[in-house]
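Architecture at a glance
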Amino acid sequence: MTAPSPTRRMPVAAHRALWVLQILLGLFFVLASALPKFWGDPFAVAIFDGIGLGQWLRYVVGFLELAGGIGLCTRRLAAPAASGLVLLMIGAALTQAFVLHGGALVVTPLVLGALAAVIAVARRNETLATPR
């Protein structure tokens, strides 16, 4: 039997603030980002028309955002979900910058990706610690 590795505990206030961030960001990705893509919001359709790869990509991105948003609200999935959302937001920022020539619209995925990165780093030990 091996001794458990020492883990640094997060202060209660920081833990609660992180949960608030996770829930708010998760709700944003589910309600404000994924669902409009599934419902065929004209703005979402126009963006993916501008990308030029077809509307199937809108559904794939919507699914990834939905899964990431739900994952942020689950203790053990928060870090991997946040990591996936960071990668997705990097792709969104690059697409906005170089394909859609979005200018200031690049800021939104960068901010969302930075918030997801904070969650991924803060929750990484909870994902690694599996129950026995």
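Please read all numbers here as calculations on a predicted model, not as lab measurements.

Cut-offs applied
- Residues numbered from 1 in each chain as written.
- Predicted model: local features only at pLDDT ≥ 70, side-chain atom pairs only at ≥ 80, totals over all residues.
- Heavy atoms only, no water.
- UniProt positions renumbered as here; feature names shortened; annotations may be inferred.
- Helix = DSSP H or I, 4+ residues; strand = E, 2+ residues; numbered from the N terminus.
- Phe/Tyr/Trp six-rings, centres within 6.5 Å; stacked < 30°, edge-to-face > 60°.
- Buried < 20%, exposed > 50% of the residue type's maximum accessible area, 1.4 Å probe, protein only.
- Lys NZ or Arg CZ within 6 Å of the ring centre and 35° of its normal.

Some thoughts on the UniProt feature "transmembrane region" (unreviewed entry) in the chain
Under the feature "transmembrane region" (unreviewed entry), the UniProt entry names residues 56-74, 81-99 and 105-122. Between the end C-alpha atoms of residues 56-74 the distance is 28 Å, and the span holds 89% helix and 0% strand. Secondary structure within residues 105-122 divides into 89% helix and 0% strand; the distance between the first and last C-alpha atoms comes to 27 Å.

A word on the packing of aromatic side chains
Geometrically, a pair of aromatic rings is defined through the distance of the ring centres and the angle of the planes. Counted according to the given criterion, the structure contains 2 aromatic pairs. Residues Phe-28 and Phe-29 carry aromatic rings whose centres are separated by 5.8 Å and whose planes lie at 75° to one another, so their mutual orientation is edge-to-face. Residue classification places Phe-29 among the buried positions, given a relative accessible area of 0%. Ring geometry for Phe-38 against Tyr-59: centres 6.4 Å apart, planes inclined by 25°, an arrangement best described as stacked. You can see Phe-38 sitting in helix α1 (residues 12-39) and its partner Tyr-59 sitting in helix α3 (residues 56-72), a full 21 residues away along the chain. Assessed through its relative accessible area of 39%, Tyr-59 is described here as partly exposed. The ring of Tyr-59 has Arg-58 lying over it, and the distance from NZ or CZ to the ring centre is 4.5 Å.

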